[in-house]
Amino acid sequence: MMKFRFRRQGTDPQREKIKQELFAFNKTVEHGFPHQPSALAFDPKLQLMAIGTKSGAIKVYGAPGVEFTGLHKDTTAVTQIHFLPGQGRLLSLLDDNTIHLWELVAGTPRDVGGVKREGVICLQEVGSYSLPGRPGIESCSATRVTVLLLLRSCDLLCIGTEGGGVYFLELPRLSLKDSQTLLQDQVTQSLPDDYRCGKSLGPVESLQEHPQQSGKILIGYSRGLVVLWDLSARHAEQLFLGKQQLESLVWERSGNLFVSSHNDGGYSVWAVTNGNTYNHQPVSSTIPYGEKCIYNRQTHPHTHIGGMPRASYGDRHCLTIQQDKDHVTLDFTSRVIDFFTVHSIEQENEYDDPSALVVLLEEELVVIDLQTPGWPTLPTPYLAPLHSSAITCSFHISSVPPKLWERLVNAGRAQQGRQHVHGSWPICGGKNLAPQPKQQELLLTGHEDGTVRFWDASGVALTPLYKLSTANVFHTDCDPSDDPQDPSDDPDMQQEEEWPPFRKVGCFDPYSDDPRLGIQKISLCKYSNKLVVAGTAGQVIVLGLSDERSDHLVDVSVVDLLQDREGFTWKGHDRLEPRLKPAPFPPGFQPLVLVQCLPPASVTAVALHAEWNLISFGTSHGFGLFDYHRRNAVLARCTLHPNDSLAMEGPLSRVKSLKKSLRQSFRRIRKSRVSGKKRTITTPTSKVQEANAALAEQEDVAPVQRRIEPRSADDSLSGVVRCLCFADTFLRDGTHHGPTLWAGTNSGSVYAYALEVPGVGSGRVCERGGAGESSVCVEAVLGKEIQLMHRAPVVSISVLDGRGKPLPDPYEASQDLAIAPDMTNAHSVLIASEEQLKVFSLPKVSAKTKFKLTAHEGCRVRKVALVVFGSTAQEDYSEHTLVCLTNLGDMHLFNIPALRPQVRYDCIRKEDISGIASCVFTKNGQGFYLISPSEYERFSLSAKVLTEPLCSVQLDRPLEPTPPQANGTHKNQMGQAEGQTEEPPSALSSPILDTPLDSPLSCADLTLDSTGELTVEDVRDFLTTVDEAENNLKNIKEEEGRSTGILIN
């Protein structure tokens, strides 16, 4: 049947208005731990914490949900951050020697969920300053900033430099006070001759203000000299002639003593006395066992916090806490960046009495409760290290039932056991103005160490709920003491006998004892509480939720996907050995059955239908169907092509050779050239190729759409199963519907199986003589076998009901949790390959409409999702939309089933391959993707559903209004573009009509208007369409005698 093009229609203002009410692109918040942190600060008055990163970002955190993000114009590392206490201002020092001033400013009121929110504030840069220096390398180095000190009055910033000079900057104007500048020469003139010795004092290492007398500061030089400088009188009041290289200084609260720490691991206590200009010896010197740095906070009787000797413990990242006889050395798994204590700031108190120690590490944030005996760690409500083990996959669940949520929370609390403490989170500044989420959302992440972590993704703060480990199902080399599910084995709870008393702290552990444990695919049914996780070594585990601890043996079933096919030998890794004895499983998800695929290749796709008790799984060798209720393997189908040699080597194989790869590459190139010549004689598309070649030679006319070249059937890994789908639809005929299984492969093959599920469908149990369901097995019969002519990998398969809507999830229709699907009108199947989207009618599998994305800039489809978009204007109006993410990082939105383009957004940088690969969509129009190994960027495509920080802070100064700007995201860094309504970009796409979905014109079977001016592209496309239609008809006639094989372009 020939197809003609529509005449291009004008835009419909009504439809454009509906699009604005449905679609809007925003990057809203970044979840997880900041990548490569480099600086830390704390405002004790506002109870806010700031973290700077090497990419130039500044993130301010308060109570859960209170977050502000700023980004410097230059991607330069932040080396220091200092708050102006109580003012909502902070200073940042960058690696390029510039100082920047940031302010929390008032934003414009926003409508959130129909409620107008006022008092929302955001973080904005208001000024910057760079110390002037004379031309020349030495002078520039001399003015390089080493340390900053903000006086308590917050109107003066003291700047120490490498050249030993101290400069003073007036705040908030950021103007230099030349009259106050203190150069090193002025200090050396006051030194005794025997101490001076012609040597430089070195860089300024520390600046500390006198705790009782404003206007006096301690200046510590690298050589060991400490000067008590009077700012008003501009003279050195006292000099402390230290001889050991200085690391840091800290005052005792009374101002009569201060402590200096040194590079030999010791610290000295110096007395500040009147009338004595020179002080040669400290009151005391101590080397407990050596500290890299000392951070003293006075409690009763004494608390001391520091590091470890570099010579003896240089390979460990430690922090020591000592109070009287209590002594513990915190041993971290990543480098310590900085730390601070949360303590009393009342001047009349005798002691600081710190309540918490906050340690910023390179890979996580650790908070120690200093008020609870034993100094336990506090669980973090945000900033949790998503990458404690590398993330390998993710899965999102919307509208989690309250019962499931409660059971997951209880299971997570049971995991913490004795680790669980009741101390409150110490960083609690600001107020969260965001409305309470209308529904609970779960984000599941699979990890390299075989764990699945459950996160509360309902709001701005991504909070850990529960962790599932699959390692105890197998015999591995994992140390049981590393499993936090057993608190008795946790080193945090054990009293160490060794000295120093090390205690392992933190959960960052990037090493996996066995890479085969890695989780590749996850599927969860929120109604039946069934979970399926699949791994790198072909393991597929079905788990059920239990509130009680259990000791049981996991059933094991082996499925051979090769089906004894000859000529294939697996050269990859071995399977994991399952435990042959009962194993203990804590409350939470517990394994019911283990399905082991052979060969043990990585699982590439899974599907779960809990209502039918069926799971399907696919690898690079084929796919299988398993009934986990009856523990019965229903189907095993091999999808290997005879030339799929790489599929037999596995991802962990070391037998691949460069010589073999080059040989295969040249063979493919040679074969493509030969096959190209043969197509001139044999294939019906030769006319199209000749026309394309002729048109390409015309320089004045550029083709709009590219021809999709057929891929060779013997490409390596063509048998990889990319997607699986269960559906209750029409496959046998147009009157009887029933369970079906669909599978798509890397070579453009689609397999559709009709399933006989006991108890599902009318009269099927009775036909078997009334046998009970337990004695009847599920059966699978091949119904259709479809081969896409361009052989592009099939990314997604979805079945649409008679109204063109996606079928509901299992249990939703039977339990009246969703609108029942339309079973009276004909169904259709939407097949998305990497190169095009196409809708076919069922059960005949005839093409209805298609859209070729590869025609535009050579993009390839990477992720596909069916999303419901609600309207901001009408509460009860929504549309089902197909969302496509391409390898260029842009989002394309299409209505279904007509596949008309709606809008396009630039979301992810095309160079960010890992970000594109990690993207996961929610059902309400949001999504997540990794912007670093430890951070998810959250975005929204919906104008109605938005999860972003909305917060306020009570400041000591009036807020100044400012134009609205992005809060909570790196929009400039990520290259975000505004969403634009997409014009019809292709003459080969489906007919473009800007009409509502419920319009009769939304149907794809329309009378086509063939009048109008024909361009060169239209002629080429017309030829392509004619040849494709003729080829399609020819194939259908040839295959009429073979009902299970259909060739589709």
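Everything numeric in this text was worked out from a predicted model, so none of it was measured.

Student: How do you make sense of helix α6 (residues 402-416) when you look at a structure like this?
Tutor: For an α-helix, the turn length of 3.6 residues means that residues three or four places apart are oriented alike. Between its terminal C-alpha atoms α6 stretches 22 Å, which fits the 21 Å expected from 15 residues at 1.5 Å a residue. Among all positions in α6, only Leu404, Trp405, Arg407, Leu408, Val409, Ala411, Gly412 and Gln415 are buried. On the buried face of α6, the contacting elements are β34 (442-447), β35 (451-456), β36 (463-469), β40 (539-546) and β44 (588-598). Looking at the residues trailing α6, positive phi occurs at Gly417, about 55°.

Student: I keep staring at the pattern of salt bridges and nothing clicks. Help me out?
Tutor: Pairs can form between side chains of opposite charge whenever their charged atoms are close. Summed over all chains, the structure comprises 28 salt bridges. For Arg860, the salt bridge identified is with Glu835, shortest N-O distance 3.5 Å. Note that Arg860 is positioned in the loop between β56 (846-852) and β57 (861-870) and Glu835 in the loop between β54 (828-833) and β55 (836-841), a separation of 25 residues in sequence. Residue Arg860 is classed as partly exposed on the basis of its relative accessible area of 25%. Residues participating in the shared-partner salt-bridge network are Arg722, Glu834, Glu835, Arg860 and Arg862.

Student: Even after reading the chapter, I still don't get the sheet that holds β36, so can you show me in this structure?
Tutor: Note on sheets: strands pair through backbone hydrogen bonds, and any given pair is parallel or antiparallel. Strand order in this open sheet of four strands is β32-β34-β35-β36, and the pairing throughout is antiparallel. Whereas interior strands pair on both sides, the edge strands pair on one side only; in this sheet they are β32 (391-397) and β36. With direction set aside, neighbouring strand axes in the sheet form an average angle of 20°. Here six bridges tie β35 to β36, and the two strands are oriented antiparallel to one another. The residue of β36 that forms the bridge with Val452 is Leu468. Along the sheet face, α6 touches β34, β35 and β36 and points at about 75° away from the line of β36.

Student: Is there a simple way to think about the environment of Gly127 in this case?
Tutor: With respect to the element layout, Gly127 can be found in strand β11 (residues 121-130). Residue classification places Gly127 among the buried positions, given a relative accessible area of 19%. Counting along the chain gives 36 residues from Gly127 to Leu91, while the straight-line C-alpha distance between them is 9.7 Å.

Student: How should empty space enclosed by the protein be read in this particular structure?
Tutor: With a probe scaled to a water molecule rolled over the atoms, the places where space remains empty come into view. If you walk through the whole model with that rule in mind, you get nine cavities of 30 Å³ or more. There is about 70 Å³ of room inside the largest cavity. If you trace the largest cavity, you find 14 residues lining it, with Leu468, Ser469, Phe585, Phe589 and Pro591 closest to the centre. At the level of secondary structure, the elements contributing two or more residues to the lining of the largest cavity comprise β36, β40 and β44. When residues of the lining of the largest cavity are assigned to their parent elements, the largest contribution, three residues, is made by β36. Of the residues assigned to the lining of the largest cavity, the class counts are ten nonpolar, four polar and no charged.

Student: I'm lost on the UniProt feature "repeat: WD" (unreviewed entry) in the chain in this one. Help?
Tutor: When the UniProt feature table is mapped onto this chain numbering, "repeat: WD" (unreviewed entry) sits at residues 71-104 and 442-456. Summarising residues 71-104: 0% helix, 62% strand, and an end-to-end C-alpha distance of 14 Å. The span residues 442-456 shows a helical share of 0% and a strand share of 80%, and its end C-alpha atoms are spaced 5 Å apart.

Student: What is the right way to look at unusual backbone geometry in this model?
Tutor: In this chain, Leu171 is followed by Pro172 through a cis amide linkage whose omega measures 0°. Along the chain, the position of Pro172 falls in the loop between β14 (166-170) and β15 (175-176). Phi is positive for Leu174, which is not a glycine, with a value near 60°. Among the secondary structure elements, Leu174 is positioned in the loop between β14 and β15. For Leu174, a relative accessible area of 9% gives the class buried. Even without glycine at this site, Ser399 takes up a positive phi of about 50°.

Student: Looking at this structure, I do not really get the packing of aromatic side chains. What am I missing?
Tutor: The relative placement of two aromatic rings is captured by the distance of their centres and the angle of their planes. In this structure the tally under the stated criterion is 20 aromatic pairs. A centroid spacing of 5.6 Å and a plane angle of 15° characterise the contact between Tyr61 and Tyr382, whose relative ring orientation is stacked. In this pair, Tyr61 is assigned in strand β4 (residues 57-61) and Tyr382 in the loop between β31 (365-369) and β32, connecting sequence segments 321 residues apart. The exposure class assigned to Tyr382 is buried, which follows from its relative accessible area of 2%. With 6.2 Å between their ring centres and 80° between their planes, Phe928 and Tyr936 make a pair best called edge-to-face. Per residue, the accessibility class of Phe928 equals that of Tyr936, and both read buried. Taken together, Phe25, Tyr905, Phe921, Tyr929 and Phe939 form an aromatic cluster joined through their ring pairs. We note Arg223 situated over the ring of Tyr195; from NZ or CZ to the ring centre the distance is 4.6 Å.

Student: How should I be thinking about the nonpolar core in this particular structure?
Tutor: The tendency in soluble globular proteins is for nonpolar side chains to be buried side by side. In terms of nonpolar packing, the biggest core is built from 34 residues, with Leu442, Phe454, Leu531 and Phe589 touching the most fellow members. Take this core: its biggest share by element is five residues, from α6. Among residues more than four places away in sequence, those in contact with Leu442 are Phe395, His396, Ile397, Val400, Trp405, Leu408, Phe454, Trp455, Leu465 and Leu524. Formed by 24 residues, the second largest nonpolar core is a distinct cluster that contains Val166, Leu182, Val187 and Leu241.

Student: How should I be thinking about the confidence of the model for the chain in this particular structure?
Tutor: Low-pLDDT stretches of the model should not have their predicted coordinates read in fine detail. Residues of the chain with pLDDT of at least 70 account for 74%, and the chain-wide mean is 80. Every residue in residues 674-707 is under pLDDT 50, and counting partners more than four places away or in other chains gives 46 contacts.

Student: Please clarify how the sheet that holds β55 should be interpreted in this entry.
Tutor: Pairing in this open sheet of four strands is antiparallel, and the strands run β53-β54-β55-β56 from one edge to the other. Strands with a single pairing partner mark the edges of an open sheet, and in this sheet they are β53 (794-800) and β56. Mean inter-strand twist for the sheet, computed between neighbouring axes without regard to direction, equals 15°. Here β55 runs beside β56; their pairing, made up of six bridges, is antiparallel. Counterpart to Lys838 in the pairing with β56 is Lys850.

Student: Where do I start with helix α1 (residues 13-22) in this structure?
Tutor: Taken together, the buried positions of α1 are occupied by Arg15, Glu16, Ile18, Lys19, Glu21 and Leu22. The N-cap of α1, judged by a side-chain oxygen 3.1 Å from the amide nitrogen of Gln14 a few residues on, is Asp12.

Student: Looking at this model, I keep getting lost on the pairing of strand β48 (residues 632-638). Mind explaining?
Tutor: Sheet faces and side chains relate simply in a regular strand, where the side chains alternate between the two faces. Bridge count for strand β47 (residues 622-627) against β48 is six bridges, and the pairing is antiparallel. When the sheet's bridge partners are listed, Asp627 is paired in β48 with Asn632. Turn length for the β47-β48 hairpin, with the two strands adjacent in sequence and antiparallel, is four residues, and the turn residue Arg631 shows positive phi of about 55°.

Student: Just to check I follow, could you spell out the pairing of strand β2 (residues 37-43) for this structure?
Tutor: The buried fraction of β2 amounts to seven of the seven residues, a majority that puts the element mostly inside the structure. In this antiparallel pair of consecutive strands, β2 and strand β3 (residues 48-53), the connection spans four residues, and Gln47 shows a positive phi of 55°.

Cut-offs used in this document
- Residues numbered from 1 in each chain as written.
- Predicted model: local features only at pLDDT ≥ 70, side-chain atom pairs only at ≥ 80, totals over all residues.
- Heavy atoms only, no water.
- Helix = DSSP H or I, 4+ residues; strand = E, 2+ residues; numbered from the N terminus.
- Expected span 1.5 Å × (residues − 1).
- Buried < 20%, exposed > 50% of the residue type's maximum accessible area, 1.4 Å probe, protein only.
- Contact = heavy atoms within 4.5 Å.
- Salt bridge = Lys/Arg side-chain N within 4 Å of Asp/Glu carboxyl O.
- Pairing = 2+ DSSP bridges.
- Axes fitted to C-alpha atoms, helices over the stretch in contact; angles between N-to-C directions.
- 1 Å grid on protein atoms, 1.4 Å probe; cavity = no way out; pocket = protein on both sides within 12 Å on 5 of 7 lines; lining within 4 Å.
- Points joined across faces, edges and corners; volume = space filled by probe spheres on them.
- Nonpolar A, V, L, I, M, F, W, Y, C, P; charged D, E, K, R; others polar.
- UniProt positions renumbered as here; feature names shortened; annotations may be inferred.
- Phe/Tyr/Trp six-rings, centres within 6.5 Å; stacked < 30°, edge-to-face > 60°.
- Lys NZ or Arg CZ within 6 Å of the ring centre and 35° of its normal.
- Core = buried A, V, L, I, M, F, W, Y, C linked by side-chain atoms within 4.5 Å.
- pLDDT = per-residue confidence, 0-100.
- Polar contact = N/O pair within 3.5 Å; in protein donor to acceptor, adjacent residues only side chain to side chain.

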